[in-house]
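Each chain, letter by letter, is given below.
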Amino acid sequence: MSAFYDAAAVPAKTMSLTGRLSVSDIERSQLWQQRLAEAVFGMTVHLIEKREPSVIFDWLAVQSDIFSNLPEPGAEDTHAWMQIFFRAQALCEKFLVARCGHDELANWTRVNAWVHERLEVCQGGGAADVANRIARQAELYDSEYLRSTGYAEAEIAISHCAIWDYREKARARGVPITLRSPCEYCTKAIASNAAAKGYQSQYQLISDGTHHGCEWRIYKSATLQKSGQTACAESSAG
């Protein structure tokens, strides 16, 4: 079963999908740390922009929990950084929804993308760089996916999103998970990151009751203008 979450129909795939990326343990560790910086520093900037001192001061206490027990400087312990990021993401989501409401997720991801745009090194691959960032994140959880890597347009199809597996195992252990599904945050974050790099995006969520996944198309607006199609607006998934 699949569900569309765009303002217009997502076009059928026009590119052939190829294999997965090869990501080393050091690259995994570095990406966990970058994602941690994007989420936490993005939250800080977002709350400063809201100009609500009491919320900012409460956020300082949450940051104390997030940054406790970090690995030693220079440590490339992938599993440790994974746990730290997951804890930080859970704390961020819990804090933001409780203090500002679920609708603030979209605004938070837009500011996170501002941090992302400054941290993510451009590889010169155009739309493929954006799709490859999604693929690298998928690799962090060992998700199953295929991708295409065109310069003007790129696609990635995640057939089994292992983020779902990790979250539900954590939930079963009693870890507080605020959002009903990871898609509520992830779709907004990916679309915001793409926009920060100058690209538009379309996505489709897929689920057969056992496997959860998504398909993304990354492109420059001129790509759709040439084909006479209408750009799709970002929307939430849940």
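Residues numbered from 1 in each chain as written. Predicted model: local features only at pLDDT ≥ 70, side-chain atom pairs only at ≥ 80, totals over all residues. Heavy atoms only, no water.

Colleague: What exactly am I supposed to notice about empty space enclosed by the protein here?
Modeller: Over the atoms rolls a probe the size of a water molecule, and its path tells where empty space is left. Tallying each qualifying case throughout the model produces three cavities of 30 Å³ or more. The computed volume of the largest cavity comes to approximately 320 Å³. As for the largest cavity, its lining consists of 24 residues, and the residues nearest its centre are Arg-35, Phe-85, Gln-89, Tyr-185 and Cys-186. Mapped onto the lining of the largest cavity, the elements with two or more residues apiece are helix H1 (25-50), helix H3 (78-100), helix H4 (104-119), helix H5 (127-140), helix H6 (162-172) and helix H7 (183-196). When its residues are assigned to classes, the lining of the largest cavity shows 13 nonpolar, six polar and five charged. Of the pockets and cavities examined, the second largest cavity occupies roughly 170 Å³. Contributing to the lining of the second largest cavity are 18 residues, with Ile-158, Cys-161, Ile-163, Cys-186 and Cys-214 lying nearest its centre. (1 Å grid on protein atoms, 1.4 Å probe; cavity = no way out; pocket = protein on both sides within 12 Å on 5 of 7 lines; lining within 4 Å. Points joined across faces, edges and corners; volume = space filled by probe spheres on them. Helix = DSSP H or I, 4+ residues; strand = E, 2+ residues; numbered from the N terminus. Nonpolar A, V, L, I, M, F, W, Y, C, P; charged D, E, K, R; others polar.)

Colleague: What exactly am I supposed to notice about the nonpolar core here?
Modeller: One broad trend across soluble globular proteins is that nonpolar side chains are buried collectively. Ranked by size, the top nonpolar core spans 53 residues in total, and within it Trp-59, Tyr-141 and Trp-216 carry the most contacts. Among the elements that line this core, the one with the most residues is H3, at nine residues. (Core = buried A, V, L, I, M, F, W, Y, C linked by side-chain atoms within 4.5 Å. Buried < 20%, exposed > 50% of the residue type's maximum accessible area, 1.4 Å probe, protein only.)

Colleague: How do you make sense of H3 when you look at a structure like this?
Modeller: For an α-helix, the turn length of 3.6 residues means that residues three or four places apart are oriented alike. Helix length check: H3, at 23 residues, gives a terminal C-alpha distance of 32 Å against a target of 33 Å (1.5 Å per residue), a fit within 8%. In this structure Asp-77 caps H3, since a side-chain oxygen of it lies 3.3 Å from the backbone nitrogen of His-79. Phi turns positive, to about 100°, at Gly-101, one or two residues after H3. (Expected span 1.5 Å × (residues − 1). Polar contact = N/O pair within 3.5 Å; in protein donor to acceptor, adjacent residues only side chain to side chain.)

Colleague: Mind showing me how you'd approach the side chain of His-116 here?
Modeller: You can see His-116 is positioned in helix H4. If sequence neighbours within four positions are ignored, His-116 has contacts with Gln-34, Glu-38, Arg-133, Asn-193 and Lys-197. (Contact = heavy atoms within 4.5 Å.)

Colleague: Teacher, can you tell me more about the packing of aromatic side chains here?
Modeller: Centre-to-centre distance and the angle between the planes together describe a pair of aromatic rings. In the structure shown here, the tally under the stated rule is seven aromatic pairs. Judged by centre distance (5.5 Å) and plane angle (45°), the rings of Trp-59 and Phe-95 are tilted. Taken together, the positions of Trp-59 in helix H2 (residues 53-66) and Phe-95 in helix H3 put the pair 36 residues apart, joining distant regions of the chain. Accessibility assignment for this pair places Trp-59 and Phe-95 in one class, buried. (Phe/Tyr/Trp six-rings, centres within 6.5 Å; stacked < 30°, edge-to-face > 60°.)

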